[in-house]
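Notes for the structure review
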Amino acid sequence: MAEGEWQILEIGLADGSLQLTVSALPQITPFPGQYFLAFAPGRDEPIATPLFLAANDQNVWRMNGFIPPAWQPGTRLRWRGPLGRGFHLPPAARRVALAMCKESTGSLLPLVSLALRQNAAVVWCSDHLPGHLPASVEGLPLEAVAEVWTWADYLVLECELKELPRLAAALGWDGNRRPGCPTEILLHTPLTCGGIADCGVCAVRMKRGWKLACKDGPVFDLEQLEFPQ
Ligand code: FES
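Definitions and limits used
- Residues numbered from 1 in each chain as written.
- Predicted model: local features only at pLDDT ≥ 70, side-chain atom pairs only at ≥ 80, totals over all residues.
- Heavy atoms only, no water.
- Helix = DSSP H or I, 4+ residues; strand = E, 2+ residues; numbered from the N terminus.
- Rg over C-alpha atoms; globule rule 2.2 N^0.38 Å.
- Buried < 20%, exposed > 50% of the residue type's maximum accessible area, 1.4 Å probe, protein only.
- Contact = heavy atoms within 4.5 Å.
- Areas by Shrake-Rupley, 256 points an atom, 1.4 Å probe, with all protein chains shown as cover.
- Core = buried A, V, L, I, M, F, W, Y, C linked by side-chain atoms within 4.5 Å.
- Domains from an automatic or database assignment.
- Pairing = 2+ DSSP bridges.
- Axes fitted to C-alpha atoms, helices over the stretch in contact; angles between N-to-C directions.
- Polar contact = N/O pair within 3.5 Å; in protein donor to acceptor, adjacent residues only side chain to side chain.

What to know about the overall build of the protein chain
A tally of helices and strands in the protein chain yields 3 helices and 15 strands. The globule rule puts the C-alpha radius of gyration for 229 residues at 17 Å, and the 17 Å found for the protein chain is close to it. Taking the principal axes of the C-alpha coordinates as reference, the protein chain spans close to 50 × 40 × 30 Å. The burial tally for the protein chain puts 50% of its 229 residues in the buried class. Taking as baseline every contact in the protein chain between residues at least 6 positions apart, the subset at least 24 positions apart corresponds to 69%. Summing over all exposed atoms, the protein chain offers an accessible surface of approximately 10,900 Å²; the carbon and sulfur share of this is 52%.

Set out below in structure tokens:
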């Protein structure tokens, strides 16, 4: 885990949500699903904001999250990260599916690039397809995810914790059925302290006790989650 300072270069809209552009950190390679916690020093911000890498090139990173309205281009941010556990795309996966409730935060887009790079066929299931999906990715509605689950050899899910029952219903998952392929889920919960204060606000119920999304997640094996939350 590292820490440092960014200056916001740009703030723009990406598929309906705000996206920050900051300078790239060439020495850091976050796994998709890991996050950075950032705050603007000297401002009255009650909690730090989790930011997820949505796209990057050599010079800049585009970060998604629930951006505080007071943040503007030029705002200086203190950050630490990458934090938590991210996705682990199996190198042998050749049929990769991604599914989410509502719009994506963009946190799954780096996985799409990784999957395409290893010549996997990629299917994206959601009610709102992002406008910037590569043309080679097949877009399907969320209700197709149960069928897609039998096709995929790696399935990635994303939702807010409170939306898990809806996503589980679309999937036909009752908490007991064993996934037919490795299935990981990015669960969005408040990540208030990032594990520093053990505040417990991010607790997620697993089959074997509780885990903290900030440290043990926010990406979990679906099979280990207790359902319903
Ligand atoms: S956010 Fe405080 S323990 Fe997880």
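Regarding the nonpolar core
Of all hydrophobic cores here, the largest spans 56 residues; its most connected members are L98, W124, I185 and L225. Per-domain counts for this core show at least three residues from each of domain 1 (2–83) and domain 2 (95–224). Not counting residues within four places of it along the chain, the set of residues in contact with L225 comprises L164, W173, I185, L187, V204, R205, M206, K207 and F220. Residues V22, L25, A38 and M63 belong to the second largest nonpolar core, which totals 18 residues.

Details of the environment of M63
Looking at the element boundaries, M63 is found in strand β6 (residues 60–64). If we skip the residues at most four places from it in the chain, M63 touches W6, L18, Q19, L20, V22, F36, L51, F52 and L53.

Some points on the sheet that holds strand β10 (residues 138–140)
Strand order across the open sheet formed by 6 strands is β10-β9-β8-β11-β12-β15, with mixed pairing between neighbours. The outermost strands of the open sheet, each flanked by one partner alone, are β10 and β15 (219–221). Adjacent strand axes in the sheet meet at a mean angle of 20°, parallel and antiparallel pairs treated alike. Relative to strand β11 (residues 154–160), strand β8 (residues 95–100) runs parallel, the two being bridged by 5 bridges.

Looking at the side chain of T75
Considering the arrangement of structural elements, one finds T75 in the loop between β6 and β7 (76–83). A polar atom in the side chain of T75 sits 2.8 Å from the backbone oxygen of Q72. Not counting chain neighbours up to four residues away, the residues in contact with T75 comprise W6, Q7, I8, A40, R43 and A70.

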